[in-house]
Amino acid sequence: VQLQASGGGLVQAGGSLRLSCTASTRTFSMYAVAWFRQAPGKERDIVAAISWSSAYTYYADSVKGRFTISRDNNKNTVYLQMNSLKPEDTAVYYCARRSRLRGEIRIRGEEYDYWGQGTQVTVSS
């Protein structure tokens, strides 16, 4: 399984970006997916997650009301729409697939087995 993350870039504070995570297999649709981020010198933190059915989502407090996670299982793709971006959102963003088939959302990175390569998001003030 390969995950391809894309959509990062440089944006001014208050701007928007949409990240995409596309999988190489159709079974992607049967797994929860999460976005994590890691800023220089900081730990990797979960940003958002979505269940395999899209029925459930999770957001870190720092992004609630600004970010939206969604998925299109027909395209084997999960999206992260990021609005009202702040300089503190600057990080490398990674998508990851939950390790358990039809498993519930989890917030620990150890619960995810396949990871994308990361896409850089830089928000200037």
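**Some details on the nonpolar core**
The biggest cluster of nonpolar side chains holds 28 residues, and the ones touching the most others in it are Trp35, Val47, Phe67, Ile69, Leu80, Met82 and Tyr93. Of all the secondary-structure elements, those providing two or more residues to this core are β1 (3-6), β3 (17-23), β4 (33-38), β5 (45-50), β7 (67-72), β8 (77-82), β9 (91-98) and β11 (119-124). In this view, Met82 contacts Gly15, Ser16, Leu17, Leu19, Arg66, Phe67, Tyr93 and Val121; residues no more than four positions away in its chain are not counted.

**Regarding unusual backbone geometry**
In this structure, Ser54 takes a positive phi of about 70° despite not being glycine. Mapped onto the fold, Ser54 is located in the loop between β5 and β6 (57-59). At Asn76, a position not held by glycine, the phi torsion is positive, near 50°. Counting through the fold element by element, Asn76 comes out in the loop between β7 and β8. The class of Asn76 is buried, set by a relative accessible area of 10%.

**Thoughts on the sheet that holds β1**
Here we have 4 strands laid out as an open sheet, ordered β1-β3-β8-β7, and antiparallel in their pairing. Sheet topology places β1 and β7 at the edges, where each strand pairs with a single neighbour. The sheet shows a mean angle of 15° between the axes of neighbouring strands, direction not considered. In this sheet, β8 lies alongside β7 in antiparallel orientation, the contact comprising 6 bridges. Bridge assignment links Phe67 to a residue of β8, and that residue is Met82.

**Some thoughts on the packing of aromatic side chains**
Here the structure, examined in full by the defined rule, presents 2 aromatic pairs. Considering the side-chain rings of Phe36 and Trp115, the 4.9 Å spacing of their centres and the 45° angle between planes classify their relative orientation as tilted. Taken together, the residues span a long stretch of sequence, with Phe36 in strand β4 and Trp115 in strand β10 (residues 112-115) at a distance of 79 residues. A relative accessible area of 26% means that Trp115 is categorised as partly exposed. The structure contains a cluster of three or more aromatic residues connected by ring pairs, namely Phe36, Tyr112 and Trp115. Over the aromatic face of Phe28 sits the side chain of Arg71, whose NZ or CZ is 5.6 Å from the ring centroid.

Calculation criteria
- Residues numbered from 1 in each chain as written.
- Predicted model: local features only at pLDDT ≥ 70, side-chain atom pairs only at ≥ 80, totals over all residues.
- Heavy atoms only, no water.
- Core = buried A, V, L, I, M, F, W, Y, C linked by side-chain atoms within 4.5 Å.
- Buried < 20%, exposed > 50% of the residue type's maximum accessible area, 1.4 Å probe, protein only.
- Helix = DSSP H or I, 4+ residues; strand = E, 2+ residues; numbered from the N terminus.
- Contact = heavy atoms within 4.5 Å.
- Pairing = 2+ DSSP bridges.
- Axes fitted to C-alpha atoms, helices over the stretch in contact; angles between N-to-C directions.
- Phe/Tyr/Trp six-rings, centres within 6.5 Å; stacked < 30°, edge-to-face > 60°.
- Lys NZ or Arg CZ within 6 Å of the ring centre and 35° of its normal.

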